[in-house]
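This is what each chain is made of:
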Amino acid sequence: MKHLLYHDLIVAGNWCNLKCSYCTSVADADDYGAVTSASRRGRGATIAIAEVLAMLDGFAARVDAPVIKLSGGELFLLANAAELIAELAQRYAHVQVLTNGTELDAATVQRIARLGNVSFNLSLDGHTEAMNAMRWRSPRIGARVMAAFAAMVQACETVEITSVISAANADCYAGFLDVLAAQPCRIVAVPIPVRGVHAAALFPAQARRAFAATLRTCVRTNPDVLGPPAYYTTLADFLDAGGAQRARRCHLVTAAVQLFDTGAVTPCPVGWTGAIGDLRGEGAAAVAVRVGTHKMYDLLTRERPRVPVCRNCFSAADMLNLYLDGEIELDALARLPLYQSAAAQARLVALREAAVSRLTASIVSQLGSSEISSRSASAGGSAASQPMPAPAAT
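In what follows, the accompanying structure is described. (Residues numbered from 1 in each chain as written. Predicted model: local features only at pLDDT ≥ 70, side-chain atom pairs only at ≥ 80, totals over all residues. Heavy atoms only, no water.)

Our next topic: unusual backbone geometry. The phi angle at Ala12 is positive, at roughly 50 degrees, despite the residue not being glycine. Topologically, Ala12 is positioned in the loop between strand E2 (6-10) and helix H1 (25-29). Residue class for Ala12 comes out buried when judged on its relative accessible area of 2%. (Helix = DSSP H or I, 4+ residues; strand = E, 2+ residues; numbered from the N terminus. Buried < 20%, exposed > 50% of the residue type's maximum accessible area, 1.4 Å probe, protein only.)

This is how it looks when you write it as structure tokens:
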């Protein structure tokens, strides 16, 4: 049995009703299988829930996780999404549901909130149409999203708000935090910089540096609607450096895995790389063996990222990275619903211990190599270049 913090499940990832300027996920999803669990792409489509659960249960029996993140596409385009969420709530200590809010009504929000161990992560770039210009271009769509937001803050204890930061919303983000602070429930606002091939055009260097200054101020002025302060200051440092080259190690693939309802599995839930297996075609046992051992894991966890998709990446998962690096404590991380359950916190402690062990082993290995090199140099060359001793006389 292998142990992770969370499974990240994408259902019908190639079907969304928005065309966000910065999004590549919907287009990329087809690379991991076009045949999803959705009955079709259209109003009234449903998820083949029994098939999804069978695939997931087989995998979970071999790669355990107390938490699951669930998203689309846009999950609530599917008529029975709430039924799938209810099933997952019986299998996991916590379920986080990611949504753009366009298809959610108050009754569905209340039904899901009543499950008790499910939280919403709403994609929302601000409180005005201008701030969401890269997400929607219709006031009617905007009104539906804000209605879903209003329903969430009334029905939920905590709501996470993920905002993709670009030139469209960076200048007004501090005002957005003031709006969030006035809501009746606890909000955790998580800004992430736009990334991908169009990042430089959508969020130029000057705007990045200005937003970095905004973040450092907001840590002091709006702490009640933010997560761990170290996340925001680290993001500010990343933006000040241009955000073009990530230098920090990423631990995410040691704590999570990306699953698609098509059966495809990739190591990282943020930067999708090549699939390491197909749960539908190969079965869970064959795929589970590769989790943590496939050659991609070495590339994805190096001190300086080697994989192109990682190089300009900074995401909400960096809160987890900071925790595993010892820069955030557990109680601060647990401000986010994803990390609040007792099972999640126990797994986090184990993962941090494992991260420390890996770091210690790496340091010992490096010191050992240095010592060997030093002794070899003192002896006048490498060990391989020294003559073998003559055999003893008999």
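Picking up where we left off.
On to a nonpolar patch on the surface, then. Taken together, the side chains of Leu359, Ile363 and Leu367 present a nonpolar region at the surface, about 300 Å² in accessible area. For Leu359, the position within the fold is in helix H15 (residues 342-378). (Patch = residues over 30% accessible without salt bridge, like charges linked within 9 Å, V, L, I, M, F, W, Y side chains within 5 Å. Areas by Shrake-Rupley, 256 points an atom, 1.4 Å probe, with all protein chains shown as cover. Salt bridge = Lys/Arg side-chain N within 4 Å of Asp/Glu carboxyl O.)

Pairing is mixed in the open sheet, where nine strands are placed in the order E8-E7-E6-E5-E4-E2-E9-E10-E11. The sheet terminates laterally at strand E8 (186-193) and strand E11 (277-278), the two strands that pair on one side only. Alignment of strand E9 (residues 256-260) against strand E10 (residues 264-266), held across two bridges, turns out to be antiparallel. Counted as the bridge partner of Leu259 is Val265 from E10. Helix H2 (residues 49-60) rests against E2, strand E4 (67-71) and E9 of the sheet, and its axis sits at about 155 degrees to E2. (Pairing = 2+ DSSP bridges. Contact = heavy atoms within 4.5 Å. Axes fitted to C-alpha atoms, helices over the stretch in contact; angles between N-to-C directions.)

Quick look at the packing of aromatic side chains now. Remark: the centre distance and the inter-plane angle together describe each pair of aromatic rings, the angle taken between the planes. According to the stated counting rule, one finds nine aromatic pairs in the structure shown. A ring pair is formed by Phe203 and Phe211, whose centres lie 6.3 Å apart and whose planes are at 65 degrees; its orientation type is edge-to-face. A relative accessible area of 1% means that Phe211 is categorised as buried. Ring-pair connections join several aromatic residues into one group, and the members of that group are Tyr173, Phe176, Phe203 and Phe211. For Arg352, the ring lying beneath its charged end belongs to Tyr323, and the centroid distance is 4.6 Å. (Phe/Tyr/Trp six-rings, centres within 6.5 Å; stacked < 30°, edge-to-face > 60°. Lys NZ or Arg CZ within 6 Å of the ring centre and 35° of its normal.)

Rolled over the atoms, a probe with the dimensions of a water molecule shows which regions are left empty. Here the structure, examined in full by the defined rule, presents two cavities of 30 Å³ or more. Taken as a whole, the largest cavity encloses approximately 160 Å³ of empty space. As for the largest cavity, its lining consists of 17 residues, of which Arg246, Cys250, Cys268, Cys310 and Cys313 are closest to the centre. When residues of the lining of the largest cavity are traced back to their parent elements, those giving at least two are helix H12 (295-300) and helix H13 (317-324). By residue number, the principal contributor to the lining of the largest cavity is H13, which donates three residues. Looking at the lining of the largest cavity, its residues break down into 12 nonpolar, three polar and two charged. Together, Ile10, Ala12, Gly13, Asn14, Ala29, Tyr32, Gly33, Thr36, Phe260, Asp261 and Thr262 line the second largest cavity. Considered class by class, the residues forming the lining of the second largest cavity number five nonpolar, five polar and one charged. (1 Å grid on protein atoms, 1.4 Å probe; cavity = no way out; pocket = protein on both sides within 12 Å on 5 of 7 lines; lining within 4 Å. Points joined across faces, edges and corners; volume = space filled by probe spheres on them. Nonpolar A, V, L, I, M, F, W, Y, C, P; charged D, E, K, R; others polar.)

The geometry of helix H9 (residues 229-240) relative to H13 is characterised by a closest axis approach of 9 Å and an angle of 105 degrees between their N-to-C directions. Judged by the inter-axis angle, H9 sits roughly perpendicular to H13. Every residue of H13 that contacts H9 at Ala230, Tyr231, Tyr232 and Thr234 is listed here: Asp318, Met319 and Leu322. A per-class count over the contact of H9 with H13 returns five nonpolar, one polar and one charged. (Parallel < 35°, antiparallel > 145°, perpendicular 65-115°, else oblique.)

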